[in-house]
Each structure stands twice: as structure tokens, then as C-alpha cells.
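One letter stands for each residue in the lines below.
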Amino acid sequence: EVSPELRLQSIAEAWRGIIAVEIAVDSNLTVTTDVRLALDAIEECVANAARHASATVVEVSMRHLPEGLEVVVRDNGSPFSHDAKMGMGSEWMFRISSGRMTRTRSTSGWNQVRLLLGGEITESHS
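Described in the following lines is the structure provided in the data block. (Residues numbered from 1 in each chain as written. Predicted model: local features only at pLDDT ≥ 70, side-chain atom pairs only at ≥ 80, totals over all residues. Heavy atoms only, no water.)

1. Brief notes about the sheet that holds strand β4 (residues 101-105)
Ordered by their spatial adjacency, five strands build an open sheet running β1-β2-β3-β5-β4, and the pairing between neighbours is mixed. The two strands at the open ends of the sheet, each matched to only one other strand, are β1 (20-25) and β4. When strand polarity is set aside, the average angle formed by the axes of neighbouring strands in this sheet is 15°. The pairing of β1 with strand β2 (residues 57-65) spans six bridges and is parallel. Looking at β2, one finds that V21 is bridged to V58. Against the sheet, helix α2 (residues 33-51) touches β1, β2, β3 (68-75) and β5 (111-117), its axis set at about 10° to β3. Contacts from helix α3 (residues 88-96) reach β4 and β5, with the element oriented near 130° to β4. (Pairing = 2+ DSSP bridges. Helix = DSSP H or I, 4+ residues; strand = E, 2+ residues; numbered from the N terminus. Axes fitted to C-alpha atoms, helices over the stretch in contact; angles between N-to-C directions. Contact = heavy atoms within 4.5 Å.)

This is the structure:
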């Protein structure tokens, strides 16, 4: 099985010349179900940034947090359309993250998709 780093490099290579993919991931990632899902989600986000947002740069990060595996994909493309319904890819990512997915647009002009996969899903009580 291909390592997470090699899979990410192949995603970046596939889009070379169309979109620059910058990758920052934990060095200790091993292939787990969550990591496989994260890699599929990253591939979906990069394709969407290129096809729908006309982005030229995509930044990808993946790291372990106490609450789960965090995946963040940022792009400099045109803003998300909040009026549009989620496509099949977004619906799938929402499902695999148990609803722990956000899509935001920063004031500096970057779209961001953030997912949390796995880990224990707990409710915060204040």
C-alpha cells in the first residue's frame, strides 16, 4: 500500500502546471481507514479548487489532534457560493466526518475546508 506522503505527492503531481499543491502533514502518519478517507477528501478538494474555483494554489495539511485526524485544505480561488447546495463530494465529506466539516472564506481571500475524522465525538459542556 502507498504511504500517505506518496499519495499526496501523486495528487500534487497530477495537478502540476494547473494548480500548485503545497503539503504539510504529520511525519508519523500511518495508513488507517481515517487516513485513507482523508486522502480521498483531499483529492476531492484539490479537484474542486481547480475545476470550480479556478484556484492557482492549494495548501493541504493533515495532523493528529486529540479529537481526531484534522484535514485542512485552503485555496486562493473564487469564493464558495453559500447559496449553492452541497455537491456529492461535500455531502460525502460531511458524512465521513460525522458532520465535523466546515467550509469558510477568510478575509484574506482563501477558501478553507476543514474536516475532523475519527477520534471520539464528544459534546462540550460548559
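Having seen the model, we can carry on.
2. So, α2
Spanning 19 residues, α2 covers 27 Å between terminal C-alpha atoms, matching the ideal 27 Å at 1.5 Å per step. Lining the buried residues of α2 we find α1 (4-14), β1, β2, β3, α3 and β5. (Expected span 1.5 Å × (residues − 1).)

3. Some points on the environment of E5
Mapping E5 onto the fold places it in helix α1. With relative accessibility at 28%, the residue E5 sits in the partly exposed group. It is 16 Å that separates the C-alpha atoms of E5 and E70, two residues lying 65 residues apart in sequence. (Buried < 20%, exposed > 50% of the residue type's maximum accessible area, 1.4 Å probe, protein only.)

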